[in-house]
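Single-letter residue listing:
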Amino acid sequence: MCGIMGYIGPRQALPILLDGLRRLEYRGYDSAGVAVLADGRIETRKAAGKLAVLESAIADRPIAGRAGIGHTRWATHGHPTEANAHPHGDCTGRCVVIHNGIIENYLPLRERLQAAGHRFRSDTDTEVVAHLIEEALEAIPSGRPDRMEAAVREAVRQTRGAYAIVVMSADDPERIVAVRMISPLIVGLGPDETLLASDIPALLPYTRDVLVIGDGEMAVIEAGRVTLADLDGRPVARRPEHITWDAAMAEKGGYPHFMLKEIYEQPRALHETMMGRLDRDDEVTLDGVALPEDLVRRLDKVWVVACGTAFHAGLVGRWLIEHLARVPVEPDLASELRYRDPLIVGRTLAVAISQSGETADTLAAAREARRRGSRVLAVTNVVGSTLAREADDVLFIRAGPEIAVASTKAYTTMLVALQMLAIHLGLRRGTLASARAAALIGALRHLPLQAQQALERSAEVEVLARRWVGAEHAFFIGRGLDYAVAMEGSLKLKEISYLHSEALAAGELKHGTLALVTPQTPVFALATQRTVYEKTISNIQEVRARGAEVIAVAYDDDAEIAKYAQTVLRIPPTDDLLAPVLAILPLQLFAYHVAALRGHDIDQPRNLAKSVTVE
Ligand code: M6R
């Protein structure tokens, strides 16, 4: 996620901006920039890469001034280049903007502004905001005292999305204007200076008195003063808060670990994955994906390649694409594919899934697929990653940076990306009726809220974790899509709790593994798939008969399940095809709580790395 820093006051702005940006580095970024008001002009410095690159650009050409804004960018629209780094200016260069989040309708706005003569210098969605403000300013008389706020309000009125923007103008040098539309933005209050940041850690060296800007609110900051208003200009009164967290806690937004923070970020991440893609009931618009009509209609095979959690997401994708688009799908562990001699039949689409876009085996598998004549579609989180650059099409999952080694929000956003891809393919191939597509799209839109509801039940999961913290083995069982989720639930548990666990297709238990089931073994049974529900119940009874304790994951409206399982972790009911997104949530929380109770290094488990860039 991008980082925002702003300053206005008696001190030199530049060192404070750079220090704040450095404190936001943990959020991940790929380019950075600053703008400072100097002698009635705005001076900007930007650089691709780490802050050190920006600092050396500044060392060559320093800027002095007492008001400024700075940004670290984590690319979403356009590659991580110097030109795409923020701040972005309007045509006059007298007004600059930095921005976090996504402007959903930037494309039609950009086309309209270009047709009206505005010159764009980047590929970003952000730049439209600068030009919209410029356009609005032209229509507002120059003597009006709230001219800047009125122009920003007009620009915001025309944009859709979840974002935060900060605007600075050489024509209004005493103030910086900021608007929050969902993406966080915080004002730091000093006695005669005022700061702005996207996250609290950046402010802590300067002040512990902060004011959180609310959704749909505008803050006008001046040296030692802040004014809050809603987007109609009505004043908003709010008391500052005093922050007592230490810097490490503040980086994690008050959570003890990044993993827990990322688990709780899932409702918002899911919302962002879908943003702008599900605006209609009869269509899924996948920006970055331009599969030719002939290939889509006459596809012979989809080939899914990935590793670890991304592979587990691919297994769900297989189910959905086969079911909705009626194309055979072959999921392949990327590390295995390289060393066999796979058959490519006719027209094949390779779908390479990777959070980082840098996993060596997945890159090699995608290259191998391309070498054998497949078109490659990447499903990834990182704009500008090797996979994104090399693929023919890219579907970004928009999870935001994932810092904990154990993948959580990348998994659920990959699932939603693959669900959208399956519906997209089904509609284009004519294998999915529009009424069914509309029902699925409607159910997808509910997922962020339902994920929020599922996560609110964390206390029950923590109690369960206390009960099983001493277990040595655990099993996860399920059928169909529940089996794919069982695999991910099991991986989560073993990678951070170091407890041995295994996932099994529920029907396979009696072919061997049942011998290991004892009263000391918790068995997690996923029971969300209605078509195989009775079969799953039979498998639950098999393990109960061996004395094992069963913890089921089931829908709120499943009245039967409590007769068979000793514990039931409930999730809100949804379409069975979408259930994996919700069913994994209590399992992520269980893994987290067991690992926390065991005192493990949750964010960096032993022997593991976030990105596996070696074979
Ligand atoms: O970046 P990628 O999605 O390609 O990473 C693949 C795996 O290394 C990754 O999913 C790994 O399994 C996670 N640690 C699981 O939590």
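Residues numbered from 1 in each chain as written. Predicted model: local features only at pLDDT ≥ 70, side-chain atom pairs only at ≥ 80, totals over all residues. Heavy atoms only, no water.

Novice: Break down the overall build of the protein chain for me, with residues and values.
Specialist: Helix and strand counts for the protein chain stand at 19 helices and 24 strands. Within the protein chain, buried positions represent 60% of all 615 residues. Long-range pairs, those at least 24 residues apart, make up 71% of the contacts in the protein chain with a sequence separation of at least 6. Here the protein chain contributes 69 positively and 79 negatively charged side chains, and the mean placements of these two sets differ by 2 Å. (Helix = DSSP H or I, 4+ residues; strand = E, 2+ residues; numbered from the N terminus. Buried < 20%, exposed > 50% of the residue type's maximum accessible area, 1.4 Å probe, protein only. Contact = heavy atoms within 4.5 Å. Lys, Arg positive; Asp, Glu negative; His and termini not counted. Charge placed at Lys NZ, Arg CZ, Asp CG, Glu CD.)

Novice: Talk me through the sheet that holds strand S21 (residues 500-505); I want residue IDs and the actual numbers.
Specialist: With parallel pairing, the 5 strands of this open sheet are ordered in space as S21-S20-S22-S23-S24. Only two strands of the sheet have a single neighbouring strand rather than two, namely S21 and strand S24 (567-571). Each neighbouring strand pair of the sheet contributes to a mean axis angle of 20°, computed without reference to strand direction. In the sheet, strand S20 (residues 473-478) pairs with S21 via 6 bridges, with the strands oriented parallel. Within S21, the residue paired with glycine 478 across the bridge is alanine 505. Contacting S20, strand S22 (522-526), strand S23 (549-555) and S24, helix H19 (residues 579-597) crosses the sheet at an angle of about 130° to S24. (Pairing = 2+ DSSP bridges. Axes fitted to C-alpha atoms, helices over the stretch in contact; angles between N-to-C directions.)

Novice: Describe the nonpolar core, naming the residues involved and giving the relevant values.
Specialist: Val351, Ile353, Val379, Leu421, Ile423, Leu444 and Phe590 are the most contacted members of the largest nonpolar core, which has 99 residues in total. Examining the composition of this core, we find that 13 residues originate from one element, H19, more than from any other. In terms of domain composition, this core takes at least three residues from each of domain 2 (260-450) and domain 3 (457-597). Contacts of valine 379, omitting those with residues within four sequence positions, involve Val351, Ala352, Ile353, Ser354, Leu395, Ile397, Ala417 and Leu418. Leu18, Ala38, Leu203 and Tyr206 belong to the second largest nonpolar core, which has 30 residues in total. (Core = buried A, V, L, I, M, F, W, Y, C linked by side-chain atoms within 4.5 Å. Domains from an automatic or database assignment.)

Novice: Quick rundown of the sheet that holds strand S1 (residues 3-8)? Include the residues and the values.
Specialist: On the basis of which strands lie adjacent, the open sheet formed by 8 strands has the order S3-S2-S4-S1-S10-S9-S11-S14 and antiparallel pairing. Each edge of the open sheet is held by one strand with a lone partner, namely strand S3 (41-48) and strand S14 (241-242). By the bridge criterion, 2 bridges tie strand S11 (residues 209-212) to S14 in an arrangement that is antiparallel. Among the inter-strand pairings, aspartate 209 is bridged to a residue of S14, identified as histidine 242.

Novice: Now, about the pairing of strand S10 (residues 194-197): what can you tell me, with residues and values included?
Specialist: With burial as the criterion, each face of S10 is covered, one bearing Thr194 and Leu196 and the other bearing Leu195 and Ala197. Relative to S10, S1 runs antiparallel, the two being bridged by 4 bridges. Within S10, the residue paired with glycine 6 across the bridge is leucine 196. Bridge count for strand S9 (residues 186-189) against S10 is 4 bridges, and the pairing is antiparallel. Residue pairing in the sheet places valine 187 in a bridge with leucine 196 of S10.

Novice: Mind laying out the packing of helix H8 (residues 266-274) against helix H14 (residues 409-429), listing which residues take part and the relevant values?
Specialist: Orientation of H8 relative to H14, taken along the N-to-C sense of each, is 30°, at an axis distance of 9 Å. One way to sum up the angle between H8 and H14 is to call them roughly parallel. Of the two elements, H8 crosses H14, and the hand of that crossing is right-handed. For the pair H8 and H14, contact is made by Gln266, Ala269, Leu270, Thr273 and Met274 and by Lys409, Thr412, Thr413, Val416, Ala417 and Met420, respectively. When grouped by side-chain class, the residues that make up the contact of H8 with H14 number 6 nonpolar, 4 polar and 1 charged. (Parallel < 35°, antiparallel > 145°, perpendicular 65-115°, else oblique. Left-handed = near helix turned anticlockwise from the far one by under 90°. Nonpolar A, V, L, I, M, F, W, Y, C, P; charged D, E, K, R; others polar.)

Novice: Can you explain the domain arrangement of the protein chain? Please cite residues and give values.
Specialist: Segmenting the protein chain into domains produces domain 1 (3-251), domain 2 (260-450) and domain 3 (457-597). Using C-alpha coordinates to define each centre, domain 1 is positioned 46 Å away from domain 3.

Novice: For the pattern of salt bridges, give the residues involved together with the corresponding values.
Specialist: Under the defined criterion, the tally for this structure stands at 48 salt bridges. Sharing partners across several salt bridges, the network here consists of Lys301, Glu330, Asp332 and Arg340. (Salt bridge = Lys/Arg side-chain N within 4 Å of Asp/Glu carboxyl O.)

Novice: Lay out the site of the ligand with the relevant residues and their values.
Specialist: Near the ligand lie 15 residues; those nearest to it are Ser354, Gln355, Ser356, Thr359 and Glu495. A distance of 2.6 Å separates an oxygen atom of the ligand from a polar backbone atom of glutamine 355. Lysine 492 places a side-chain nitrogen or oxygen 2.9 Å from an oxygen atom of the ligand. Out of a free accessible area of 410 Å², the ligand has 90% covered by protein chains. Partitioning the shell around the ligand into residue classes produces 6 nonpolar, 7 polar and 2 charged. Taken domain by domain, the shell around the ligand gets at least three of its residues from each of domain 2 (260-450) and domain 3 (457-597). (Near = heavy atom within 4 Å. Polar contact = N/O pair within 3.5 Å; in protein donor to acceptor, adjacent residues only side chain to side chain. Areas by Shrake-Rupley, 256 points an atom, 1.4 Å probe, with all protein chains shown as cover.)

Novice: I'd love a proper account of helix H5 (residues 147-158), names of residues and values included.
Specialist: In this model H5 runs 17 Å from its N-terminal to its C-terminal C-alpha over 12 residues, within 8% of the 16 Å that 1.5 Å per residue would give. Taken across its 12 residues, H5 has 9 buried, putting it largely inside the fold. Every buried residue of H5 is accounted for by Met148, Glu149, Ala150, Ala151, Val152, Arg153, Ala155, Val156 and Gln158. (Expected span 1.5 Å × (residues − 1).)

Novice: Just give me the short version of unusual backbone geometry, but keep the residues and values in it.
Specialist: Looking along the chain, the bond that leaves histidine 86 and enters proline 87 is cis, with omega of 0°. Positionally, proline 87 belongs in the loop between strand S4 (67-73) and strand S5 (88-89). Positioned with a positive phi, aspartate 39 is a non-glycine residue whose angle comes to about 50°. As for its position among the elements, aspartate 39 is in the loop between strand S2 (31-38) and S3. The exposed category is assigned to aspartate 39, whose relative accessible area is 78%. At arginine 398, a residue that is not glycine, the phi angle is positive and equals roughly 55°. Here arginine 398 shows up in the loop between strand S19 (393-396) and H14.

Novice: Which residues make up the environment of proline 519, and what values do they have?
Specialist: Looking at where proline 519 falls in the secondary structure, it is placed in the loop between S21 and S22. Accessibility expressed as a relative area gives 48% for proline 519, which makes it partly exposed. Beyond its immediate sequence surroundings of up to four residues, proline 519 is in contact with Trp468, Arg546, Gly547 and Ala548.

Novice: Before we move on, could you go through the pairing of S1 and cite the residues and values that matter?
Specialist: For S1, a buried count of 6 out of 6 residues is recorded, marking the element as mostly surrounded by other parts of the structure. Of the two faces of S1, both are covered, the one formed by Gly3, Met5 and Tyr7 as well as the one formed by Ile4, Gly6 and Ile8. Inspection of the sheet shows S1 paired to S4 by 6 bridges, in the antiparallel sense. Bridging across to S4, methionine 5 finds its partner in glycine 70.

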